[in-house]
Amino acid sequence: MTDSRIDLKSLTQAELSELLTDRGFPKYRAKQVMDWLQKGAVSADEMTNLPADLKNFIQNYCYISVSIIEKKLISRYDKTVKYLFSFADGECVEAVVMCYRHGYSICISTQVGCKMGCTFCATGKSGFSRSLTASEMIAQIEAAQRDLHVRISNVVLMGMGEPLDNFENVVRFLQLVTSEQSLNIGARHITLSTCGIVPKIDELAAYHIPINLAVSLHAPNDEIRSRTMPVAKAYPMEELLRACRDYFAATGRRVTFEYALIAGVNDSDRCAYELAEKLKGMGCHVNLIPVNAVEGTHYTKSSVKRQQSFVKILAGRGIAATVRRTLGSDINASCGQLRRNHINFKKEDE
Ligand code: SAH
Ligand code: SF4
């Protein structure tokens, strides 16, 4: 959000400390403010142990990001919950909380919309509004935790937006969310999904944050890939796979490839053989997702028979592959659709 005030929740404790000491406040005040923020304070008024001059400073020169629940859908089949959150400027994003055997996992958004224009994606079809700040990413996790009264232990950056197109804020978010002063979620419990912006994957690897990388591949070669993913024209698959190998070498984290199976587009046996050949020796995992039908596109899911044949070919060539279990299939309707419907709904209202 463009706001000339200081975004308090996007600051690390060291930065907050510097900000306050520069203005003449003692260092321990930063820890007090941080504690309040962690407890969910949304204004300086709530920070009862702060002196009036510090409260005034916060009120006049800073702001605290919050996300408001605009809509909440609960799956009838499992415990999946989908939220539509709004921020101070009225922009909305989606987040989904899933319950697994090992705990709660949240899929958060990193941008309002997306510039990448993948033809099968509801978010891509809605265009781009703006990137989220680190605090707005944190706020999605906090709001869900507060609403559900649970601790979320896993985070996936797989909601709306392309995380590596919002690099600085996403890295800041990763640094904050893994820190003890914030949500203290281990890097190994965080997954970032990207459509494959090669130079940014390299840049991320250089940070050596051991998060999991998921790469949306969706095709075995550039020709098929560029039919659905414009980013493929900028970064050929060969370079993308090189960046993935380097990412593994730098972080020790295996890369997962996302592959949405679209009937008649990328789901032939030939595609499976070619994919297996390209990924040979990479020690990766392939997540096959039957494509979600999105309004305004003509794509349909591959048949179960096709899905099974695809997995079998990959497995036969030593590539670990699974067809993703769709949680909350009644409410999921693929990323970006809830917001899209919400906007349409608002337009009808006006
Ligand atoms: N921009 C990032 C992360 C957000 S999209 C990326 O593209 O990876 C999260 C995942 O959902 C990606 O793997 C994306 O390809 C996939 N996806 C988008 N629309 C889909 C649809 N209609 N059906 C199945 N998967 C879809
Ligand atoms: Fe953006 Fe990812 Fe959707 Fe592509 S799939 S348009 S990169 S959100």
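Everything discussed here concerns the structure shown above.
Described below are features of the structure shown in this document.

Focus: the packing of aromatic side chains
In total, this model carries 5 aromatic pairs according to the counting rule given. Between the aromatic rings of Y83 and F85, the centroid separation amounts to 5.0 Å while the plane-to-plane angle is 15°, which identifies the pairing as stacked. A residue is classified by how much of its surface remains accessible, and Y83, at 0% relative accessible area, is buried. F85 gets classed as buried once you look at its relative accessible area, which sits at 0%. Residues Y259 and F310 carry aromatic rings whose centres are separated by 5.1 Å and whose planes lie at 45° to one another, so their mutual orientation is tilted. One end of the pair, Y259, is in strand 12 (residues 255–261); the other, F310, is in helix 12 (residues 304–316), and 51 residues separate them in sequence. In terms of burial, Y259 and F310 fall into one category: buried. A connected cluster of aromatic rings, assembled from ring pairs, spans F25, F57 and Y61. Here the basic side chain of K39 rests over the ring of W36, its NZ or CZ set 4.3 Å away from the ring centre.

Quick notes on helix 3 (residues 52–61)
Note that an α-helix has 3.6 residues per turn; residues three or four places apart therefore point the same way. Along helix 3, the residues classified as buried are L54, K55, F57 and I58. Viewed end-on, helix 3 has its buried residues packed into an arc of 160°, placing them on one side of the element. Of the residues in helix 3, the exposed ones pointing more than 90 degrees away from the buried face are A52 and N60. On the buried face of helix 3, the contacting elements are helix 1 (13–22), helix 2 (28–39) and strand 2 (62–63).

Focus on the pairing of strand 10 (residues 190–194)
With 5 of its 5 residues buried, strand 10 lies for the most part within the structure. Alternating residues of strand 10 divide into I190, L192 and T194 and T191 and S193, and every residue in both groups is buried. Relative to strand 10, strand 9 (residues 152–157) runs parallel, the two sharing 3 bridges. What sits directly across from L157, in strand 10, is L192. Following the chain from strand 9 across helix 6 (residues 167–177) to the adjacent parallel strand 10, one finds a crossover that is right-handed. The pairing of strand 10 with strand 11 (residues 212–216) spans 4 bridges and is parallel. Bridging from a neighbouring strand, S193 pairs with A214 of strand 11. The handedness of the strand 10 to strand 11 crossover, carried by helix 7 (residues 198–206), is right-handed.

Conventions we followed
Residues numbered from 1 in each chain as written. Chains lettered and ligands numbered in written order. Predicted model: local features only at pLDDT ≥ 70, side-chain atom pairs only at ≥ 80, totals over all residues. Heavy atoms only, no water. Phe/Tyr/Trp six-rings, centres within 6.5 Å; stacked < 30°, edge-to-face > 60°. Buried < 20%, exposed > 50% of the residue type's maximum accessible area, 1.4 Å probe, protein only. Helix = DSSP H or I, 4+ residues; strand = E, 2+ residues; numbered from the N terminus. Lys NZ or Arg CZ within 6 Å of the ring centre and 35° of its normal. Arc of directions from axis to C-beta. Contact = heavy atoms within 4.5 Å. Pairing = 2+ DSSP bridges. Right-handed = clockwise from strand over helix to strand, strands pointing away.

These figures come from the coordinates and say nothing about function on their own.
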